[in-house]
Amino acid sequence: MGVDLESLSEATSGAIGSLLSTTILYPLDTCKTKYQAEAQAHGQQKYRNLSDVLWEAISNGQVLSLYQGLGTKNLQSFISQFVYFYGYSYFKRLYLSKSGSKSIGTKANLIIAATAGACTAIITQPLDTASSRMQTSAFGKSKGLWKTLTEGTWSDAFDGLGISLLLTSNPAIQYTVFDQLKRRLLKGDQNKVSSVSSPVALSAFTAFLLGALSKSIATFLTYPAIRCKVMIQAADANENGTEKTKPRSRKTLTGVICAIWKREGVLGFFKGLHAQILKTVLSSALLLMIKEKISATTWVLILAIRRYLFLTRGRLKSA
């Protein structure tokens, strides 16, 4: 079975877009994550606003610590987006070929996106857990990737996996909305695309707007689960260098839900929503914008590489 070049092109473009958007917005991501996790303190509120996290880093001369865990996050982001986009594109093409349909309905699109998301979550969960712990550690106290992953049991590396699987609905909703809107906008042009020509791409501004809208909808609907996941994966107080290191306490979904309910009430499940939307909307919009702009170039490069390999193979056979 040959390599699915279109799926490979989608995966490569998505992974590169994810890598760039993650790096650009990482300081905001660190502030957002620490702000969400801080609410678990007993009757204390260190950060009243998102800007308080940034000010803490500046006042302590730890501005560069806003990038702690960047390498791990980029690795996790690159792998997850490559796996997701490849799986999403591959399953979508497989569905169309098996069903004989010319388009995919909303229900089928959700199932395909959720399946690709579940595969991605399982593969990258240890990296996701490690990056969250590194971000929520005290500024300047973050540990390396290997030490972070090996300081607990193997199951600790998969903290929040259940919620991550539940949150596959987030990209499923996002990319379904984006894909449906994109298809309507490009409906007239798609009929002109042949199997060997470059895929039709949205303009950067249109892709940005569609990415922002689709991610806002997905984030609002799934935010309570997102907040619980951050609190489960966050570094313990004794991991911040202020106390003698102790065994990591085990956090459960039930325990986190009860804690939020008792201390903050219903609104507590949406605390930090504005920060999450700000970060995720910008990140997803940038990702999709970059992906759309480089997808045509990626497609041409992959075709060029395939042609080069084909010609090289022919020369070797004839030699």
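First things first, this report covers the structure right here in the doc. This structure is a prediction, so every number in the text was calculated from the model and none was measured.

The next thing to look at is the overall build of the protein chain. Scanning the protein chain for helices and strands turns up twelve helices and zero strands. The buried share of the protein chain, taken over its 319 residues, is 46%. When contacts within the protein chain are restricted to residue pairs at least 6 apart in sequence, those whose partners lie at least 24 apart make up 81%. Entry remark: accessible area of the protein chain is about 16,400 Å², with carbon and sulfur atoms responsible for 65%.

Now for helix α10 (residues 204–233). Helix length check: α10, at 30 residues, gives a terminal C-alpha distance of 35 Å against a target of 44 Å (1.5 Å per residue), a shortfall beyond 12%. Of all the bends in α10, the largest measures some 65 degrees and sits at threonine 222, one to four residues before the proline proline 224.

Further remarks concern the packing of aromatic side chains. The tally for this structure, following the rule as stated, stands at seven aromatic pairs. Each ring, one from phenylalanine 82 and one from tyrosine 86, has its centre 6.4 Å from the other, and the planes form 10 degrees; the classification is stacked. In this pair, phenylalanine 82 and tyrosine 86 both sit in helix α4 (residues 70–99), four residues apart, roughly one turn of the helix. By the ring-pair criterion, three or more aromatic residues cluster together here, those being Phe82, Tyr86, Tyr90 and Phe91. When the ring centre of phenylalanine 139 is taken as origin, the NZ or CZ atom of lysine 34, which lies over that ring, is 4.7 Å away.

Counting through the fold element by element, serine 137 comes out in the loop between α5 (106–136) and α6 (145–150). In the structure, serine 137 is positioned 72 residues away from serine 65 in sequence and 9.9 Å away in space, judged by C-alpha atoms.

The rules behind the values
- Residues numbered from 1 in each chain as written.
- Predicted model: local features only at pLDDT ≥ 70, side-chain atom pairs only at ≥ 80, totals over all residues.
- Heavy atoms only, no water.
- Helix = DSSP H or I, 4+ residues; strand = E, 2+ residues; numbered from the N terminus.
- Buried < 20%, exposed > 50% of the residue type's maximum accessible area, 1.4 Å probe, protein only.
- Contact = heavy atoms within 4.5 Å.
- Areas by Shrake-Rupley, 256 points an atom, 1.4 Å probe, with all protein chains shown as cover.
- Expected span 1.5 Å × (residues − 1).
- Bend = angle between axes of the 7 residues up to and from the residue.
- Phe/Tyr/Trp six-rings, centres within 6.5 Å; stacked < 30°, edge-to-face > 60°.
- Lys NZ or Arg CZ within 6 Å of the ring centre and 35° of its normal.

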